[in-house]
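As a plain string of letters, each chain reads:
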Amino acid sequence: MLDYTNKTAQSVWTNCLLFIKDNIQEQAFKTWFEPIKAIELTESALYIQVPSKFFYEWLEEHYVKILKVALIKELGSGAKLLYKIQMENTIGNKQPYTEQLPSAQRAPVRTQELDVPIQNKNPELKNPFIIPGIRNVKIESQLNANYSFDNFLEGDSNRLARSAGLAVANKPGGTSFNPLMLFGGVGLGKTHLAHAIGVEIKEIHPEKTVLYISAEVFTQQYVDSVRKQTRNDFIYFYQLIDVLIVDDIQFLSGKAGTQDVFFHIFNYLHQNGKQVILTSDKAPVDMQDIEQRLLSRFKWGLSAEIQHPDFETRTSILKGILYRDGVEMPNDIVEYVAKNVKTNVRELEGAIISLIAQSSFNKREVTIELAKQVVEKFVKNVKKEVSIDYIQKVVSDYFSLDIETLRSKTRKRHIVQARQLAMFFAKKYTKASLANIGSQIGDRDHATVLHACKTIDNLLETDKQFKKYHDDINKKFNM
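Residues numbered from 1 in each chain as written. Predicted model: local features only at pLDDT ≥ 70, side-chain atom pairs only at ≥ 80, totals over all residues. Heavy atoms only, no water.

Caption draft 1: Looking closely at the overall build of the protein chain. Secondary structure summary: the protein chain contains 20 helices and 9 strands in total. Summarising the internal contacts of the protein chain: among those between residues at least 6 apart in sequence, 72% fall at separations of at least 24. A total of about 24900 Å² of accessible surface is found on the protein chain, and carbon and sulfur atoms cover 49% of it. (Helix = DSSP H or I, 4+ residues; strand = E, 2+ residues; numbered from the N terminus. Contact = heavy atoms within 4.5 Å. Areas by Shrake-Rupley, 256 points an atom, 1.4 Å probe, with all protein chains shown as cover.)

As structure tokens, then:
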């Protein structure tokens, strides 16, 4: 029998941590073991305190074997590990409470369906969407019914995202697309598609609770809950949702508290088969100041990029707008607008509406000349969004190359540097993902683009002539 005289809960747990740290990855250790506190040692039993029931079940699912080995080394073969779950209780006297749970004794158990990890003891649901003073516990979806699959036109630029969205709408939480991440530049239809999925789910599954919210509003609600000491009610509310749609998730960048609470809400929803849909202006791999544990979860499902629409899709969008508004317009004029407004769907719609307005208010016939005038004025008044194709043309022209040579597999130094410059400027001036940039500039992968950007950064600091090339080209994008 071991002598416990000189042992304390802290000393035993410290020795266990030393063993565990040597046997798992550093990030996993920081995430799952650093938050644990040793609180009591009795004969052959160590009590540890963990932040939540989900935390306890994750340890039992993934780390029970290593915990058992570490504890036996310290306390012998009869060692027992007991958990106490402590959670902030903001209702009533605000005193913490604990729930004692035994450790699994042998093999790790399968993940169970979790109870609500933060219990709401207040009989009246606190809904963060309700205006103070107005009693209402019904959860409204916040969806825009005008955004539907019917008016979201499919093209090569969005086919994967739209198809995945339909699959999710038919079986929310029941596909491998959970979470479904929709990403791409401004005005390409991410928000439209996110609403369309929600609207379709409400149509097919009226019993489901669907909620659309922007990350900005979610953050403000969380800040308010902390200020009013209703954080647990805030979390409880979001655990009631069957389909959670969060727009512009990149807004959480740098907001550690909001990321932490979203992490726990996400885990609970995902664990219970609920559907999460996210939109972002960039791919998870390109997000800055988002915790790795969140980014890893964003990658669990499907990340589908919505790209700039091609000419055929832009033409179809314009014809759809004209049909919707009951306006007839010659095909050559429609095609002229589609050919010259390439930035995004939002600006494309703005251009054709401006043309209709000019014709209607000034009683002028819609001609190519009028279309040229309207498009020219419209494009001038819209902040120019530089495309990857335009960047390749500018760089190729500067170095007297053709675009095919720039994209080729040749390793000639001056061509490689021109290609790397094109990748560098594409990352700087577009919202495209590294993978998309690589695919458009010679069918390279995302690692090649990352290497190119690092190479350019180094050359700018060490090569004066190369810096001149960079500065000359850069001016062309800022004229």
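That covers the picture; the talk isn't over yet.
Caption draft 2: Spatial organisation of unusual backbone geometry. Look at the link from asparagine 178 to proline 179: it is a cis peptide, with omega at 10°. Within the secondary structure, proline 179 sits in the loop between α5 (159–170) and β5 (180–183). The backbone phi angle of serine 400 is positive, close to 55°, even though this residue is not glycine. Secondary-structure assignment places serine 400 in the loop between α15 (388–398) and α16 (403–407).

Caption draft 3: Examining the confidence of the model for the protein chain more closely. Confidence in the prediction for the protein chain averages 79 pLDDT; 83% of positions are at 70 or higher. With pLDDT under 50 throughout, residues 87–125 is counted as low confidence; its partners more than four residues away or in other chains account for 90 contacts. Predicted confidence is poor over residues 131–137, with pLDDT under 50, and the contacts of this stretch with residues over four places away or in other chains come to 5 contacts. (pLDDT = per-residue confidence, 0-100.)

Caption draft 4: Main features of the packing of helix α7 (residues 215–227) against helix α9 (residues 256–271). In contact at an axis separation of 10 Å, α7 and α9 are set at 100° when each is read in the N-to-C sense. When the axis of α7 is compared with that of α9, the two are roughly perpendicular. On the side of α7, the interface is formed by Phe218, Thr219 and Tyr222, while α9 contributes Gly257, Thr258, Val261, Phe262 and Ile265. Split by residue class, the contact of α7 with α9 holds 5 nonpolar, 3 polar and no charged. (Axes fitted to C-alpha atoms, helices over the stretch in contact; angles between N-to-C directions. Parallel < 35°, antiparallel > 145°, perpendicular 65-115°, else oblique. Nonpolar A, V, L, I, M, F, W, Y, C, P; charged D, E, K, R; others polar.)

Caption draft 5: Representation of the pairing of β5 within the structure. The side-chain alternation of β5 yields two buried faces, one formed by Leu180 and Leu182 and the other by Met181 and Phe183. Relative to strand β8 (residues 275–280), β5 runs parallel, the two being bridged by 4 bridges. Bridge assignment links phenylalanine 183 to a residue of β8, and that residue is serine 280. (Buried < 20%, exposed > 50% of the residue type's maximum accessible area, 1.4 Å probe, protein only. Pairing = 2+ DSSP bridges.)

Caption draft 6: Up close: the side chain of threonine 430. Summarising the element assignment, threonine 430 is placed in the loop between α17 (413–429) and α18 (434–440). Given the relative accessible area of 14%, threonine 430 is considered buried. Side-chain polar atoms of threonine 430 contact the backbone oxygen of alanine 426, separated by 2.6 Å. Within polar-contact distance, the side chain of threonine 430 engages the backbone nitrogen of alanine 432 at 3.2 Å. Every residue in contact with threonine 430, bar those within four places of it in the chain, is listed here: Val386, Ser387, Ile388, Ile391, Phe425 and Ile437. (Polar contact = N/O pair within 3.5 Å; in protein donor to acceptor, adjacent residues only side chain to side chain.)

Caption draft 7: Highlighting the packing of helix α19 (residues 446–462) against helix α20 (residues 464–476). The interhelical angle for the contact between α19 and α20, taken along N-to-C directions, is 115°, at an axis separation of 6 Å. The chirality of how α19 crosses α20 is left-handed. Residues Ile456, Leu459, Leu460 and Thr462 of α19 form the contact with α20, whose participating residues are Lys464, Phe466, Lys467 and His470. Residues belonging to the contact of α19 with α20 are distributed by class as follows: 4 nonpolar, 2 polar and 2 charged. (Left-handed = near helix turned anticlockwise from the far one by under 90°.)

Caption draft 8: Highlighting α9. Helix length check: α9 (16 residues) gives 22 Å between terminal C-alpha atoms against 22 Å at 1.5 Å per residue, within 8%. Count one or two residues on from α9 and you reach glycine 273, which has phi positive near 75°. (Expected span 1.5 Å × (residues − 1).)

Caption draft 9: Examining the environment of glycine 198 more closely. By the secondary structure assignment, glycine 198 is in helix α6 (residues 190–204). Overall, glycine 198 belongs to the buried group, its relative accessible area being 0%. In sequence terms glycine 198 and leucine 143 are 55 residues apart; their C-alpha atoms lie 6.9 Å from each other. When residues no more than four places from it in sequence are discounted, the contact partners of glycine 198 are Leu143, Val210 and Ile245.

Caption draft 10: Inspection of the pattern of salt bridges at higher detail. If you walk through the whole model with that rule in mind, you get 12 salt bridges. Linking aspartate 260 and arginine 293 is a salt bridge whose minimum nitrogen-to-oxygen distance equals 2.5 Å. Of the two residues, aspartate 260 sits in helix α9 while arginine 293 sits in helix α10 (residues 292–298), which places them 33 residues apart along the sequence. The closest approach of N and O atoms between aspartate 471 and lysine 467, which form a salt bridge, is 3.1 Å. Note that aspartate 471 and lysine 467 are positioned in helix α20 at a spacing of 4 residues, about one turn of the helix. (Salt bridge = Lys/Arg side-chain N within 4 Å of Asp/Glu carboxyl O.)

Caption draft 11: Focus on the nonpolar core. Judged by nonpolar contacts, the single largest core of 32 residues is most densely connected at Tyr238, Leu244, Ile249, Phe262, Ile265 and Phe298. Of all the elements in the fold, those that place two or more residues in this core are β5, β6 (210–214), α7, α8 (231–239), β7 (243–247), α9, β8 and α10. When sequence neighbours within four positions are dropped, the list of residues in contact with isoleucine 265 reads Phe218, Phe234, Ile235, Tyr238 and Leu244. Within the second largest apolar cluster, 30 residues are counted, among which are Trp13, Ile24, Ile66 and Leu67. (Core = buried A, V, L, I, M, F, W, Y, C linked by side-chain atoms within 4.5 Å.)

Caption draft 12: The packing of aromatic side chains, seen in detail. On inspection of all chains with the given rule, the structure shows 16 aromatic pairs. Ring geometry for phenylalanine 266 against tryptophan 300: centres 6.0 Å apart, planes inclined by 50°, an arrangement best described as tilted. Of this pair, phenylalanine 266 sits in helix α9 while tryptophan 300 sits in the loop between α10 and β9 (302–305), and the two are 34 residues apart along the sequence. Members of the aromatic cluster, each reached through a chain of ring pairs, are Phe218, Tyr222, Phe234, Phe237, Tyr238, Phe262, Phe266 and Trp300. Directly above the ring of phenylalanine 251 sits lysine 255, whose terminal nitrogen or CZ lies 4.1 Å from the centroid. Between arginine 293 and the ring centre of phenylalanine 263, over which it is positioned, the NZ or CZ distance is 4.0 Å. (Phe/Tyr/Trp six-rings, centres within 6.5 Å; stacked < 30°, edge-to-face > 60°. Lys NZ or Arg CZ within 6 Å of the ring centre and 35° of its normal.)

Caption draft 13: Quick look at the sheet that holds β7. Spatially, β6-β7-β8-β5-β9 is the arrangement adopted by the 5 strands of the open sheet, whose pairing is parallel. Both outer strands of the open sheet, β6 and β9, are each paired with one neighbouring strand and no more. Each adjacent strand pair in this sheet contributes to an overall mean axis angle of 15°, direction not counted.

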